[in-house]
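Listed below, chain by chain, are the residues.
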Amino acid sequence: MDPASQDDRSLVDAFLKTRSERAFRTLYRRCTPRLYAFARRLAGDEQETDELVQETWVRAVDSLPRFRWQSTLRTWLIGIAINCYRQSTRRRGNLQLVDSDDPLMRADDPVLHATAEHVDLERAIAKLPNGYRQVLLLHDVEGYTHQEIGDLLGIDPGTSKSQLFRARRAMRAMLTEPPTRKAGGENGL
Amino acid sequence: MIDENENNHNNTELTVEERRRLDALSREMTPPPELEDQTIQTLARSGLLARRPRWWVGMSALVASVLIFLTGFTLGAQTDRSGVAPSGRQYVLFLYEEAGFEKAPPDDPDQRVREYGQWVTEIGETGHFAGGERLADYGWVLVGSDDGIGVDQRLLEAPEGVVSGYFLINAASDDDALAIAESHPHLRRGGRIALRAIDPIS
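Residues numbered from 1 in each chain as written. Chains lettered and ligands numbered in written order. Predicted model: local features only at pLDDT ≥ 70, side-chain atom pairs only at ≥ 80, totals over all residues. Heavy atoms only, no water.

Trainee: I'd like to hear about the packing of aromatic side chains, residue by residue, with values.
Mentor: Aromatic ring pairs are defined here through the distance separating the ring centres and the angle between the ring planes. Counting across every chain of the model gives seven aromatic pairs over all chains. The interplanar angle of 45° and the centroid separation of 4.7 Å between the aromatic rings of Phe67 of chain A and Trp69 of chain A together place this pair among those described as tilted. Each of the two residues, Phe67 of chain A as well as Trp69 of chain A, counts as buried. Seen from the ring of Tyr91 of chain B, Arg89 of chain B lies directly overhead, with NZ or CZ sitting 6.0 Å from the centre. Taking the ring centre of Tyr96 of chain B as reference, the NZ or CZ of Arg192 of chain B above it sits at 4.3 Å. (Phe/Tyr/Trp six-rings, centres within 6.5 Å; stacked < 30°, edge-to-face > 60°. Buried < 20%, exposed > 50% of the residue type's maximum accessible area, 1.4 Å probe, protein only. Lys NZ or Arg CZ within 6 Å of the ring centre and 35° of its normal.)

See below:
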């Protein structure tokens, strides 16, 4: 087992032994930055991301005693996040992401503070349909294989490949399209 | 002739530039600081976390022992009004957390517990402590009207702030109660305290 996984396992074992708040905070602080980045790109909206991360942790803590370490902890958490996200989109009638120009986004939002290039890419990813976005995030951002993506999403590796192709094409189209002008001129009148 | 744009769009592989831009995306993001506490509270409500003793009881077993002794001593000295010193009355302190309230730092999450526990110890030594509870971070506002009863779950958005807990104290007079309330560390962290005398129906 690689050192990172051994560290994860030690933290999980320590938490399961006591279920203390302190042990959970240690586990949370180790895993959440990575989880949050994935959830943020998956959900798009800040409030949804917070809810998604919370729900992920609740399910994870509930299931931790049964986790068999057949994958890394990170992969397992991502799988839970995906399931939580899918259930929430079903509850909401599969609504698309909030427009990333949403004025309710925080002033210190990490997406907004990236370079313009990164923002364009983040926005393009955010505008992808749910299925495309999940595959593209898992493959091109998180580095999972199609076999692993198939296991995470419950699809064939072949389906993952074709979804990825479509996702890349859609993302490419958005990155190369010219910016749209507001109707009526500069003041929108 | 192959249209270059069409060829690029149909290419299943990432271009070097696309790969570069994707690799430049950060794989980690700092979550909002409050998300950690919110997650812990959710876990605790779900019974998935072994919570520590109530924060005003204090951090150590020694502090808890002292408080148990002092509380028993105080109750043993009561007259016909439960928990009230013979010459005084009971008051309640409602602790409010507004937008500017300074929560415990992430690297020292027990800081408030220690502070409030120390305050309890100090007022307990003089017979003033009578009890208290922390309140969960969710709740409802119920409003009755001619149209019926409205139930609003936006408790945490109340403009006057959120009541995060309360204390019961024994005091000889209003001035005594005010002095005790003024000494609470909640006020040094930007919190607000509403002090009310209890007016027993009996």
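So much for the structure itself; the text now carries on.
Trainee: Describe the packing of helix α2 (residues 21-43) of chain A against helix α3 (residues 33-45) of chain B, naming the residues involved and giving the relevant values.
Mentor: How two helices pack is summed up by the angle between their axes together with the distance between the axes. At their nearest, the axes of α2 of chain A and α3 of chain B sit 11 Å apart, and the two run at 125° to each other. Relative to α3 of chain B, the element α2 of chain A is oriented oblique. Between α2 of chain A and α3 of chain B lies a crossing whose hand is right-handed. The segment α2 of chain A lies against α3 of chain B, with Glu21, Phe24, Arg25, Tyr28, Arg29 and Tyr36 of chain A engaging Leu35, Glu36, Asp37, Thr39, Ile40 and Leu43 of chain B. Within the contact of α2 of chain A with α3 of chain B, the residues separate by chemical class into six nonpolar, one polar and five charged. (Axes fitted to C-alpha atoms, helices over the stretch in contact; angles between N-to-C directions. Helix = DSSP H or I, 4+ residues; strand = E, 2+ residues; numbered from the N terminus. Parallel < 35°, antiparallel > 145°, perpendicular 65-115°, else oblique. Left-handed = near helix turned anticlockwise from the far one by under 90°. Contact = heavy atoms within 4.5 Å. Nonpolar A, V, L, I, M, F, W, Y, C, P; charged D, E, K, R; others polar.)

Trainee: Account for the interface of chain B and chain A, with residues named and values stated.
Mentor: Across the contact, 41 residues belong to chain B and 42 residues belong to chain A. Taking both sides of the interface into account, the surface hidden between chain B and chain A amounts to around 4000 Å²; carbon and sulfur atoms contribute 57%. Broken down residue by residue, the surface that chain B buries against chain A is led by Arg21, Arg27 and Met29 of chain B, which jointly contribute 19%. Ionic pairing is found between Glu18 of chain B and Arg172 of chain A, a salt bridge with its closest N-O pair at 2.5 Å. (Buried area = accessible area lost by both parts, 1.4 Å probe. Salt bridge = Lys/Arg side-chain N within 4 Å of Asp/Glu carboxyl O.)

Trainee: I'd love a proper account of helix α6 (residues 130-141) of chain A, names of residues and values included.
Mentor: Residue and element names in this part refer to chain A. For α6, spanning twelve residues, the distance from its first C-alpha to its last is 15 Å, which sits close to the expected 16 Å at 1.5 Å a residue. Burial within α6 is extensive, with nine of its twelve residues counted as buried. Once α6 finishes, Gly143 follows within two positions and takes phi at roughly 85°, a positive value. (Expected span 1.5 Å × (residues − 1).)

Trainee: So what's going on with unusual backbone geometry? Which residues, and what values?
Mentor: Across residues other than glycine, the phi torsion is negative in most instances, and most of the peptide bonds are trans. Residues and elements named next belong to chain A. If you check the backbone angles, Arg19 has positive phi at about 50° while not being a glycine. Relative to the helices and strands, Arg19 is located in the loop between α1 (3-18) and α2. Overall, the relative accessible area of 21% leaves Arg19 in the partly exposed class. In this structure, Trp69 takes a positive phi of about 60° despite not being glycine. With respect to the element layout, Trp69 can be found in the loop between α3 (46-63) and α4 (73-91). Residue classification places Trp69 among the buried residues on the basis of a relative accessible area of 16%.

Trainee: Lay out the sheet that holds strand β5 (residues 162-171) of chain B in plain terms, naming residues and giving numbers.
Mentor: Residues and elements named next belong to chain B. What the four strands build is an open sheet, ordered β2-β5-β1-β6; its pairing is antiparallel. The sheet is open, and its two edges are formed by β2 (129-134) and β6 (192-197), each paired on a single side. In this sheet, neighbouring strand axes are inclined to one another by 15° on average, regardless of whether the strands run parallel or antiparallel. Here nine bridges tie strand β1 (residues 89-97) to β5, and the two strands are oriented antiparallel to one another. Paired with Phe94 across the two strands is Tyr166, which belongs to β5. Here helix α5 (residues 111-125) sits on the sheet in contact with β1, β2 and β5, set at roughly 15° to β5. Packed on one face of the sheet, helix α6 (residues 174-182) meets β1, β5 and β6 and runs near 135° to β5. (Pairing = 2+ DSSP bridges.)

Trainee: Please set out the packing of α2 of chain A against α4 of chain A residue by residue, giving values where relevant.
Mentor: Residues and elements named next belong to chain A. Contact geometry for α2 and α4: axes closest at 10 Å, N-to-C directions at 40°. Taken as axis vectors, α2 and α4 run oblique relative to one another. The chirality of how α2 crosses α4 is right-handed. Residues Leu27, Cys31, Arg34, Leu35, Phe38, Leu42 and Ala43 of α2 form the contact with α4, whose own contacting residues are Leu73, Arg74, Leu77, Ile78, Ala81, Ile82 and Tyr85. By residue class, the composition of the contact of α2 with α4 is twelve nonpolar, no polar and two charged.

Trainee: An account of the pairing of β1 of chain B is requested, with residue identities and associated values reported.
Mentor: Direction of pairing for β1 of chain B relative to β6 of chain B: antiparallel, over a ladder of six bridges. Within β6 of chain B, the position partnered with Tyr91 of chain B by the bridge is Ala197 of chain B.

Trainee: Break down the pattern of salt bridges for me, with residues and values.
Mentor: The final tally for this structure, using the stated rule, is 17 salt bridges over all chains. Measuring nitrogen to oxygen at the nearest pair gives 2.9 Å for the salt bridge that ties Arg19 of chain B to Asp23 of chain B. Taken as a pair, Arg19 of chain B and Asp23 of chain B lie in helix α2 (residues 16-24) at a separation of four residues, close to a single helical turn. When the shortest N-O distance is used, the salt bridge between Arg189 of chain B and Glu102 of chain B registers 2.9 Å. You can see Arg189 of chain B sitting in the loop between α6 and β6 and its partner Glu102 of chain B sitting in the loop between β1 and α5, a full 87 residues away along the chain. Take Arg189 of chain B: its relative accessible area is 19%, and that puts it in the buried class. One continuous salt-bridge network, built from bridges that share partners, spans Glu21, Arg25 and Arg29 of chain A together with Glu36 and Asp37 of chain B.

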